[in-house]
Amino acid sequence: MEVFGLVLTYNHLLLTIPSIALAGFVMLGLDPFRLRDFEVRALALIGGVGPLIPMLVFANACFHGQCTGMVPIFTLKVGESTVALALQMDPLAALVGLTVCVIGAAVILFSVAYMQGTALPDLRRFFALMHLFLAGMLTMVLAGDSIVLFLGWELMGLCSYLLIAYNTTSAEAIRAGRKAFIMTRVADAFLLAALLLLFLEANSVRLDHLIPAGVAAQDGMRPIIAALLLGGAIGKSAQVPMHTWLPSAMAGPTPVSALLHSATMVAAGAVLLMRFSPIIQAEPVVMAIGAGLGALTAIFGAAAALFQQDIKRLLAYSSISQIGYMMLAIGVGAPEAAAAHFVVHAIFKSLLFLSAGHITHHSPRGTDIMAMRGASQRNPLAFLAFSAGAASLAGLPVITGGWWSKEAMLGAVWGVEPALWTVAVLAAVLTAAYATRAVLIAAMPDPGSHDGHADHDDSHDTGYTLVPLAFLGFGALLAGGLVEPIMHLLGAHVPHAPLFTILVASIAPLVGVAIAFALAYVPALANGLQRARDIARRTRRRPRRQDKPAGFWVRIALAFSRGLRIDTLYQIVFVWPFVKLVRWLNGYGRGVADPAGNLPAMAALRLQRAITAPFAPDWIDRTWTAFGGRILALWAALRRLQTGRARDHGLYMAAGTAGLLLLAWGLTWH
Amino acid sequence: MTEDSFTALMLLSTALFVVGLFGVLARRSILIQLLSLEVALAGPSLAFITAGARHADAGGQAMFVMILILAAAEVALGLALYLRLRRTADGTDSDSLSSLRH
Amino acid sequence: MNATFALWAGSLALISALLVVTRASVVHALIWLLVTLLSLSASFFALGASFAGAAQILIYAGAILAVFVFVVMTVDASPKALEQERARLGRAWVPPALVAALVLVPLFAWRGAPGADTAAPMGAAVSATDLGMLLFGPWAAVVEIASGLLLAALMGARHLGRRGKPEGRG
């Protein structure tokens, strides 16, 4: 069927997948639509669960070998270059897209109940932004050309900022949103540079032209492109060194953290690298850097998570660590294992966030980890879900999905670089440790419990809450069966890992569980942790040096709970000088107004005075030197031309145009 | 159409544009400035139609349709801004609007 | 096609354009703008561009000017305001006139090389059919983008024109 010069086929129904979410955004976000409470919730559900339906159809076809491939929507030939907007459905897109749709549906279902009690305009804003995010992420996943890819990428970043700063009355949330936006923007610049360089190589925008052109790039372009892609992925996926925005991003509401900052958006960097893996794999140096950074992030994140005092920050560092694993797998040449882990991680991480959010929802202590206490009595179902997620995160052998995917990744790393494998195993130990620590704290009885509190409190358990938790809970445990089919689907040859590595991968989580028990029950360690917690709380309110010397264990715990103060380091190195410079340039605080004009003149004056001071200047000298001062006065007079009035500036523009026209005319004279 | 009449029509359209430009630069009332912008837009419209008629190319009228759309969008937003500004500033004096905050 | 008539109509448009920018009362300026647009429309008809002429009357004079009229109805038209406007007219028109003349001079005096196809028959009427084939064919994407512009203007005007506090500021 041809419409407006476009040949429409059934494949163009791919457009409906992000469009449903986009339509939800438009209807919820636009002011003129007057909607009542239940209409808002109905629209939220439709927009959230809607994309799942066409996605299932297309993904099902793809898993059975009938992938739609590239679907060009709009093609334009500009000189030699081809600019095409296209979507594509290949195994990677189907896999990631289906995961995003499922997790998105579960989180939005959950948040319909979770966001009960917020004012209607804010509720609309929340769901509109969640839908826009879903549309953006699906666009990025299904993108068949770099323009659509970047559009989706940027939409995700924007929604992340707006959703973190959702509580517009909280200065902390706004600051966190700004920090997230700026840091991911820096990474976006790298990605844009990479995409532009690829366009120059390929003269086309379509991904199936860009990727082979990138692989075939000469003159040292290929390592640059690969490094830029890696840079873009690092920022978006909150890897070391650009990871400090993610723990702060936990200032947003829990469903935001569950959807964006755990399962889908932060993994987008890994998905980007998976999409561009032919280019990355052609550059061993970049792969090595990626793998090294991934391993470093994995162990740093796990260590930091072990000592966090806030459950959401714990889970944030956990996400950082797990995506580090994915980067490590990609860096050693096993992107399929990373894809499998992406799916399993999305399931259990969103489960952890949702259940933790549910447990701490009405707690007076916010999301402090001690607010989880008593969960096993208060909300046994949520506690069970949390435990299932934690077990999968820890990677308890065989029975949890996490073990299978982690084992696949570790097996791939062992084959390439045993040193990195050791680091990864240590990180796995620490992972199990912090996961178990969280569950142990949740299992502890609530010390403030009197008759009312320790009781079973299921007044907030509705179908909206329980169905996603149950679904994700079972998924977290059973997803192990998905790992091998996923890897086969993406075309990986799955070698059998040696028994030694399987054994180590099985023992490591158990060691971690033991460590967690030790931290909780061995008095020396437990007291040290409590001391670190008290110090952190006290110095946060009144930043003063603690008088009593703290022991080594306490200092370690304190340092890691603050993320090794890397955030503060960035504030000192990047933010503070920049703000000072801007203030100085604008004339605040002994700064000079209009420095570009004034400073050279002032410097020249000083120089001239210094040179002539030894000689006694007479009136000729003085007139000459006054000339310098006149320049500054002239400058100040010229500044008055900038009246800010439209007419005056229009006059200047017209005069300039007249000048140019006269010049052009004059050039035609012979 | 002779060569001379074509040239004359083009010069006429230039003159229309310049008259509109003069109106924007010389008048202070915002509404009159908006009207002068409409006059200025009439210049290129005539130029496009004339050129299209000379070469028997539908592109001239098509560009005129685009200019029409542009003028409609500009008038809508311009007048909306004018009505908004009138609440806090003086609508008959665009010279008073010289800072960003109103 | 009658180019001479088109020239006459265009001259009329120019004269009324001059009158538009020099009136003190906004309503008078509006009336002269109407004259300008109608004479331009006549000029378009004379050049064989009948669709453009009709569109000029219907849309430009009919819709855009009508929006202007709505706003002008709310303007203060007391004699005091008119006096103030006349006073402002008298001063400071020389620099803009000079600059405008400077823009005009090269455009008037500069005659480029004559067109390469002077041998071809000069001018023919372009029917609405041809225009439609162009707009719905190769220029379809341009039309869609232009409709995006209109949508943006619509939403912007609605947003700017609302009264009171916006909803949904948490």
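Here the structure is a predicted model, which means the values were calculated and not measured. (Residues numbered from 1 in each chain as written. Chains lettered and ligands numbered in written order. Predicted model: local features only at pLDDT ≥ 70, side-chain atom pairs only at ≥ 80, totals over all residues. Heavy atoms only, no water.)

J.: Please set out the overall build of chain C residue by residue, giving values where relevant.
T.: Scanning chain C for helices and strands turns up seven helices and zero strands. Out of the 170 residues in chain C, the part that is buried amounts to 34%. Within chain C, residue pairs in contact and separated by at least 24 positions form 61% of the contacts whose partners lie at least 6 positions apart. Summed over its atoms, the accessible surface of chain C is roughly 9,600 Å², and 72% of this surface lies on carbon and sulfur atoms. (Helix = DSSP H or I, 4+ residues; strand = E, 2+ residues; numbered from the N terminus. Buried < 20%, exposed > 50% of the residue type's maximum accessible area, 1.4 Å probe, protein only. Contact = heavy atoms within 4.5 Å. Areas by Shrake-Rupley, 256 points an atom, 1.4 Å probe, with all protein chains shown as cover.)

J.: Quick one: what's the story with helix 25 (residues 552-561) of chain A, residue by residue and with numbers?
T.: When helix 25 of chain A is considered as a whole, its buried residues turn out to be V554, A557, L558, F560 and S561 of chain A. Immediately beyond the C-terminal end of helix 25 of chain A, within one or two residues, lies G563 of chain A, with a positive phi of roughly 65 degrees.

J.: Requested: an account of the interface of chain B and chain A, with residues and values cited.
T.: Note on interface size: it is often stated as the accessible area lost on association of the parts. Facing the 11 residues of chain B at the interface are seven residues of chain A. For the pair chain B and chain A, the summed buried surface comes to about 670 Å²; carbon and sulfur atoms form 55% of the total. Summed over the three residues of chain B that lose the most area to chain A, namely L25, D95 and S98 of chain B, the buried surface amounts to 70% of that side. Between chain B and chain A we count two salt bridges in total. For R645 of chain A, the salt bridge is made with D95 of chain B, and the minimal N-O distance between the two is 2.9 Å. In this assembly, chain B and chain A are joined by four residue pairs in polar contact (both at pLDDT 80 or more). For the side of chain B that touches chain A, the element with the most residues is helix 1 (residues 3-26) of chain B, which contributes four residues. Tallied by class, residues from the side of chain B that touches chain A come to five nonpolar, three polar and three charged. (Buried area = accessible area lost by both parts, 1.4 Å probe. Salt bridge = Lys/Arg side-chain N within 4 Å of Asp/Glu carboxyl O. Polar contact = N/O pair within 3.5 Å; in protein donor to acceptor, adjacent residues only side chain to side chain. Nonpolar A, V, L, I, M, F, W, Y, C, P; charged D, E, K, R; others polar.)

J.: Give a detailed account of the confidence of the model for chain C, specifying residues and quantitative values.
T.: The predicted structure's coordinates, where accompanied by low pLDDT, should not be read in detail. Residue and element names in this part refer to chain C. When pLDDT is averaged across chain C, the result is 86; 89% of the residues are at 70 or more. Helix 4 (residues 79-90) is the least confidently modelled element of chain C, averaging 78 in pLDDT, while helix 2 (residues 26-46) averages 95, the highest of any element. Listed scores for the predicted complex are pTM 0.76 and ipTM 0.92. (pLDDT = per-residue confidence, 0-100.)

J.: Describe the nonpolar core, naming the residues involved and giving the relevant values.
T.: One finds M130, L229, W245, L246 and F276 of chain A to be the most contacted residues of the largest nonpolar core, which totals 201 residues. Beyond its immediate sequence surroundings of up to four residues, W245 of chain A is in contact with K179, A180, M183, T184, G235, K236, A238, H261, M265 and V266 of chain A. Counting residues in hydrophobic clusters, the runner-up holds 65 residues, among them A654 of chain A, I30 of chain B together with A17 and A55 of chain C. (Core = buried A, V, L, I, M, F, W, Y, C linked by side-chain atoms within 4.5 Å.)

J.: Give me the lowdown on the interface of chain C and chain B, citing residues and values where you can.
T.: Taken together, the contacts link 74 residues of chain C with 69 residues of chain B. Scanning the region where chain C abuts chain B turns up zero salt bridges. Applying the counting rule to chain C against chain B returns 10 residue pairs in polar contact (both at pLDDT 80 or more). Elements represented by at least two residues in the side of chain C that touches chain B include exactly helix 1 (3-22), helix 2, helix 3 (50-72), helix 4, helix 5 (94-109), helix 6 (128-136) and helix 7 (140-161) of chain C. The biggest single contributor to the side of chain C that touches chain B is helix 1 of chain C, with 12 residues. When its residues are assigned to classes, the side of chain C that touches chain B shows 55 nonpolar, 11 polar and eight charged.

J.: Explain unusual backbone geometry to me, and be specific about the residues and the numbers.
T.: Residue and element names in this part refer to chain A. In the segment running from V240 into P241, the intervening peptide bond is cis, with an omega of 5 degrees. Among the secondary structure elements, P241 is positioned in the loop between helix 9 (221-236) and helix 10 (245-248). Even without being glycine, N203 reaches a positive phi, approximately 60 degrees. Along the polypeptide, N203 turns up in the loop between helix 7 (171-202) and helix 8 (207-215). Non-glycine residue A238 carries a positive phi angle of around 55 degrees. Relative to the assigned elements, A238 resides in the loop between helix 9 and helix 10. In this structure A238 comes out as buried when scored by relative accessible area, which is 0%.

J.: If you had to explain the environment of R378 of chain A to someone new, which residues and values would you point to?
T.: Note that R378 of chain A resides in helix 17 (residues 375-378). You can call R378 of chain A buried: its relative accessible area is 12%.

J.: Any chance you could break down the pattern of salt bridges for me, citing the residues and the numbers?
T.: Opposite charge on two side chains permits pairing when their charged atoms draw close. All chains considered together, the criterion is met by 16 salt bridges over all chains. Measuring nitrogen to oxygen at the nearest pair gives 3.5 Å for the salt bridge that ties R36 of chain A to E39 of chain A. Judged by relative accessible area, which is 24%, E39 of chain A ranks as partly exposed. Overlapping salt bridges bring together R645, R647 and D648 of chain A together with R28, D93 and D95 of chain B as one network.

J.: So what's going on with the UniProt feature "transmembrane region" (unreviewed entry) in chain C? Residues and values would help.
T.: Residue and element names in this part refer to chain C. UniProt tags residues 45-72, 93-113 and 133-155 as "transmembrane region" (unreviewed entry). The span residues 45-72 carries 89% helix and 0% strand; its end-to-end C-alpha distance comes to 30 Å. Counting secondary structure, residues 133-155 comes out at 87% helix and 0% strand; the distance between its end C-alpha atoms is 30 Å. (UniProt positions renumbered as here; feature names shortened; annotations may be inferred.)

J.: Which residues make up a nonpolar patch on the surface, and what are the values?
T.: Taken together, the side chains of L569, I572, V573, F574, V575, F578, V579 and V582 of chain A present a nonpolar region at the surface, about 720 Å² in accessible area. Note that F578 of chain A resides in helix 26 (residues 566-585). (Patch = residues over 30% accessible without salt bridge, like charges linked within 9 Å, V, L, I, M, F, W, Y side chains within 5 Å.)

J.: Can you explain the state of the cysteines? Please cite residues and give values.
T.: Residues and elements named next belong to chain A. Enumeration over the complete set of coordinates arrives at one disulfide over all chains. Linked covalently through their sulfurs, C62 and C67 form a disulfide whose S-S length is 1.8 Å. Disulfide C62-C67: the torsion about the S-S bond is 85 degrees, which places it as right-handed. C67 gets classed as partly exposed once you look at its relative accessible area, which sits at 30%. Here C101 is not disulfide-linked; the sulfur of C62 is the nearest cysteine sulfur, at 14 Å. Taking the relative accessible area as the measure of exposure, C101 reaches 2% and is therefore buried. C101 provides the cysteine sulfur closest to C159, a residue in no disulfide bond, and the two sulfurs are 15 Å apart. (Disulfide = S-S within 2.5 Å.)

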